[in-house]
Amino acid sequence: MINGPQYFDLQVNGYDGVDFNSDDASGRDYHRACTRLANDGVEGILATVITDDIDAMVSRLRRIVRARDEDEIVRKVIQGIHIEGPFINERTGYVGAHPANSVRPADTEVMLQLLEAAEGLTRIVTLAPERDGGLKVTQRLSQEGVIVSAGHCEAPLDVLRAAVDSGLSMFTHVGNGCPKEIDRHDNVIQRVLSFADHLWCCFIADGVHIPFYALGNYLQVAGVDRSIVVTDAISAAGLGPGQYTIGGQQVDVDEYGVTSIAGDKSHLAGSVATMTTSADNLRNHLHLDEDSICMLTSLNPQKALSLT
Ligand SMILES: CC(=O)N[C@@H]1[C@@H](O)[C@H](O)[C@@H](COP(=O)(O)O)O[C@@H]1O
């Protein structure tokens, strides 16, 4: 997709064999991943750092900052950072692939430490509003101009409403990061969809995280003009089945692109999608027109970041 609309991906944990949450990714690794992203028609991404011990998150954030400082293509492609965790819901199902023992309640001091390590590059923070007491971190982040996105959460309706009033403006991978067995009506997916007028709703369109017919329903309710497609790609993106990593965890990828943490099939652990395969899915499985695909994969993510 060289001459078409350029994709913009708000959630990328790795690409082409490079894990952005690894403790030994080199500048050369970042160069390779970003060159492949650019060749795959991706104009910009937010490199995503997920829950871990704070020292590990800090050093991974610094590593991304350094890789950008040293290399033009990395600077061009990695347009910012998405910090996903550690202030998420620790309960099984909601915590998903994040290491539960590193999850913690939201804390302004810790948040500031992470923001400082990212040196002004943080554009999105995913947290669980119900774990942000007094919504203090939500308020602080929105004052700082950082997008607060709810995710890996089970926020009740009144907490979501208060979070929106405090600056919450996005929801991370709607339909995922929640248990498979939840109440058929009163669940976090229905709650967030009821707030879709106020939130950017992000979806993973790989056909593994959400069946296409359900994704079609979600997009109709949320509206293509308020929705964003992300890959949530891990290092396996663009490669075949095998064993990969996200941070200190091993991820198995099967021949259908289903990811799992070392033999535990209870939840997914990122995708192997690229923006090209995601756009193809929207075209071929959801039969969306090109304008809608462009909004979901390029215009809306940039609008959310106030880049257009
Ligand atoms: C990189 C990464 O790990 N991304 C998340 C994962 O954290 C989460 O566990 C899963 C939940 O999906 P599920 O709720 O459908 O299992 O979605 C994504 O794959």
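Preceding block: the structure.
Residues numbered from 1 in each chain as written. Predicted model: local features only at pLDDT ≥ 70, side-chain atom pairs only at ≥ 80, totals over all residues. Heavy atoms only, no water.

Caption draft 1: Summary view of the site of the ligand. As a structural note, the neighbourhood of the ligand is formed by 17 residues, with Asn176, Gly177, His209, Asp232 and Gly270 the closest of them. Cys178 has a polar backbone atom sitting 3.4 Å from an oxygen atom of the ligand. With respect to the ligand, the side chain of Asp232 contributes an N or O atom lying 2.7 Å from a nitrogen atom. Protein coverage of the free-state accessible area of the ligand, which is 440 Å², stands at 96%. Mapping the ligand onto the cavity grids shows that it belongs to the largest pocket. Its residues assigned to classes, the shell around the ligand comprises six nonpolar, ten polar and one charged. (Near = heavy atom within 4 Å. Polar contact = N/O pair within 3.5 Å; in protein donor to acceptor, adjacent residues only side chain to side chain. Areas by Shrake-Rupley, 256 points an atom, 1.4 Å probe, with all protein chains shown as cover. 1 Å grid on protein atoms, 1.4 Å probe; cavity = no way out; pocket = protein on both sides within 12 Å on 5 of 7 lines; lining within 4 Å. Sits in = over half its atoms within 2 Å of the grid points. Nonpolar A, V, L, I, M, F, W, Y, C, P; charged D, E, K, R; others polar.)

Caption draft 2: Representation of the nonpolar core. One finds Met111, Leu114, Leu141 and Phe203 to be the most contacted residues of the largest nonpolar core, which totals 82 residues. The residues touching Phe203, leaving out its near neighbours within four places in the chain, are Val174, Ile210, Leu215, Tyr218, Leu219, Ala222, Ser227, Ile228, Val229 and Val230. The next biggest cluster of nonpolar side chains, apart from the first, holds 13 residues, and it includes Met170, Trp200, Cys202 and Leu305. (Core = buried A, V, L, I, M, F, W, Y, C linked by side-chain atoms within 4.5 Å. Buried < 20%, exposed > 50% of the residue type's maximum accessible area, 1.4 Å probe, protein only. Contact = heavy atoms within 4.5 Å.)

Caption draft 3: Looking closely at the pattern of salt bridges. According to the stated counting rule, one finds eleven salt bridges in the structure shown. For Arg32, the salt bridge identified is with Asp16, shortest N-O distance 3.5 Å. Of the two residues, Arg32 is situated in helix α1 (residues 27–39) and Asp16 in the loop between β2 (14–15) and β3 (18–19); the sequence distance between them amounts to 16 residues. On the basis of relative accessible area, Asp16 is assigned to the buried category, the value being 13%. Note that Arg283 is salt-bridged to Glu290, the shortest N-O span being 2.7 Å. Given the relative accessible area of 28%, Arg283 is considered partly exposed. If you follow the salt bridges from partner to partner, you end up with Asp16, Arg32, Arg36 and Asp40 in one network. (Salt bridge = Lys/Arg side-chain N within 4 Å of Asp/Glu carboxyl O. Helix = DSSP H or I, 4+ residues; strand = E, 2+ residues; numbered from the N terminus.)

Remember that the coordinates give geometry; whether it matters functionally is a separate question.
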